[in-house]
Amino acid sequence: MSASTAINLWILRWRRAVLALLCLYAGVVAATSWQLPQYNHRAWSMLEGAPADVWALAQTPDGYLWLGTGTGLYRFDGMQFEHFEPPRERPFASNNITALGVAPDGALWIGFLLGGVSVLRDGDLRHHSVEDGAPGGMVLAFEHDADGATWVASRDGFRRYDGHRWE
């Protein structure tokens, strides 16, 4: 056997030994570090009451996760889903909720497929229709600026609500 063949054979064995040690180390790390008991993973499906077509998600400061769907608004407390029913005298513009946003004061902004916006603040629900100046067309997103105004992106463009009127 030539010297270069012997060196190549030695390098190959050295690489295999290093690879075996790395695999052993990775197995030890995975067995100790990645199986921490405080982590919990769970999936929710329609069998557990999760809505089928979620289009928007937002979490309010009280910890609730809100889901905007094609069948209305849902609230999730970490254990179960609850369908939110607006007051009968003030129904939503539509059951097709396409956007959710949380204002700095904790209010939940709700946007609809065919335009219009509702705001749920401290249990009180207020509606802003297209006739009031709220955006028309599918509402896509909400953002809140440093001045306290709410910006709404929709298929028709952007609208700004300063707390009193739409621009």
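Structure first, text after, so check above.
So, a few notes on the structure that sits alongside this text.

What counts and how
Residues numbered from 1 in each chain as written. Predicted model: local features only at pLDDT ≥ 70, side-chain atom pairs only at ≥ 80, totals over all residues. Heavy atoms only, no water. Salt bridge = Lys/Arg side-chain N within 4 Å of Asp/Glu carboxyl O. Helix = DSSP H or I, 4+ residues; strand = E, 2+ residues; numbered from the N terminus. Buried < 20%, exposed > 50% of the residue type's maximum accessible area, 1.4 Å probe, protein only. Core = buried A, V, L, I, M, F, W, Y, C linked by side-chain atoms within 4.5 Å. Contact = heavy atoms within 4.5 Å. Pairing = 2+ DSSP bridges. Axes fitted to C-alpha atoms, helices over the stretch in contact; angles between N-to-C directions. 1 Å grid on protein atoms, 1.4 Å probe; cavity = no way out; pocket = protein on both sides within 12 Å on 5 of 7 lines; lining within 4 Å. Points joined across faces, edges and corners; volume = space filled by probe spheres on them. Nonpolar A, V, L, I, M, F, W, Y, C, P; charged D, E, K, R; others polar.

1. Side note on the pattern of salt bridges
Here's step 1: All chains considered together, the criterion is met by six salt bridges.
Here's step 2: With a shortest N-O distance of 3.0 Å, Glu-82 and Arg-75 are connected by a salt bridge.
Here's step 3: Across the salt bridge formed by Asp-105 and Arg-121, the nearest N and O atoms sit 2.8 Å from each other. A residue pair is termed long-range when its members are at least 10 positions apart, and Asp-105 in the loop between strand E5 (97-102) and strand E6 (108-112) and Arg-121 in strand E7 (residues 117-121) qualify at 16 residues.
Here's step 4: Among the residues examined, Arg-121 registers a relative accessible area of 36% and is labelled partly exposed.

2. Some details on the nonpolar core
Here's step 1: Counting residues in hydrophobic clusters, the biggest one holds 13 residues, and the most contacted among them are Leu-73, Phe-92, Leu-100, Leu-108 and Ile-110.
Here's step 2: When residues of this core are traced back to their parent elements, those giving at least two are strand E1 (54-59), E5 and E6.
Here's step 3: Residues in contact with Leu-108, not counting those within four places in the same chain, are Ala-58, Thr-60, Trp-66, Leu-73, Leu-100, Gly-101, Val-102, Ser-118, Val-119 and Leu-120.
Here's step 4: Ranked by size, the runner-up nonpolar core spans 12 residues in total, among them Ala-99, Ala-107, Val-119 and Tyr-161.

3. Here's the deal with the sheet that holds strand E3 (residues 72-76)
Here's step 1: The antiparallel open sheet is built from four strands, whose spatial order is E1-E2-E3-E4. The strands lining the two open edges of the sheet, one partner per strand, are E1 and strand E4 (81-84). Going across the sheet, the axis of each strand differs from the next one's by a mean of 25°, ignoring polarity.
Here's step 2: Strand direction decides the pairing type here: E3 and E4, joined by four bridges, are antiparallel. Its bridge partner being in E4, Arg-75 is matched across the sheet by Glu-82.

4. Let's talk about the layout of surface pockets
Regions of empty space are outlined by a rolling probe, equal in size to a water molecule, passed over the atoms.
Here's step 1: There is about 250 Å³ of room inside the largest pocket.
Here's step 2: In this structure, the largest pocket is lined by 15 residues; those nearest its centre are Asp-62, Gly-106, Leu-120, Asp-122 and Gly-123.
Here's step 3: Here the residues of the lining of the largest pocket are counted per class, giving seven nonpolar, three polar and five charged.
Here's step 4: Asp-105, Trp-109, Arg-121, Thr-150 and Tyr-161 are, among the 17 residues lining the second largest pocket, the residues nearest its centre.

5. Things to note about the sheet that holds E6
Here's step 1: The strand order across the open sheet formed by four strands is E5-E6-E7-E8, and the pairing between neighbours is antiparallel. With partners counted over all chains shown, the strands left at the sheet margins are E5 and strand E8 (124-128), one partner each. Between one strand axis and the next, the sheet turns by 20° as a mean value, whatever way the strands run.

6. Things to note about the pairing of E1
Here's step 1: Across five bridges, E1 lies against strand E2 (residues 65-69) in antiparallel orientation. In the sheet register, Ala-58 faces E2, and the bridge partner there is Trp-66.
Here's step 2: The hairpin formed by E1 and E2 contains five residues between the paired strands, and Gly-63 there has a positive phi angle of roughly 95°.

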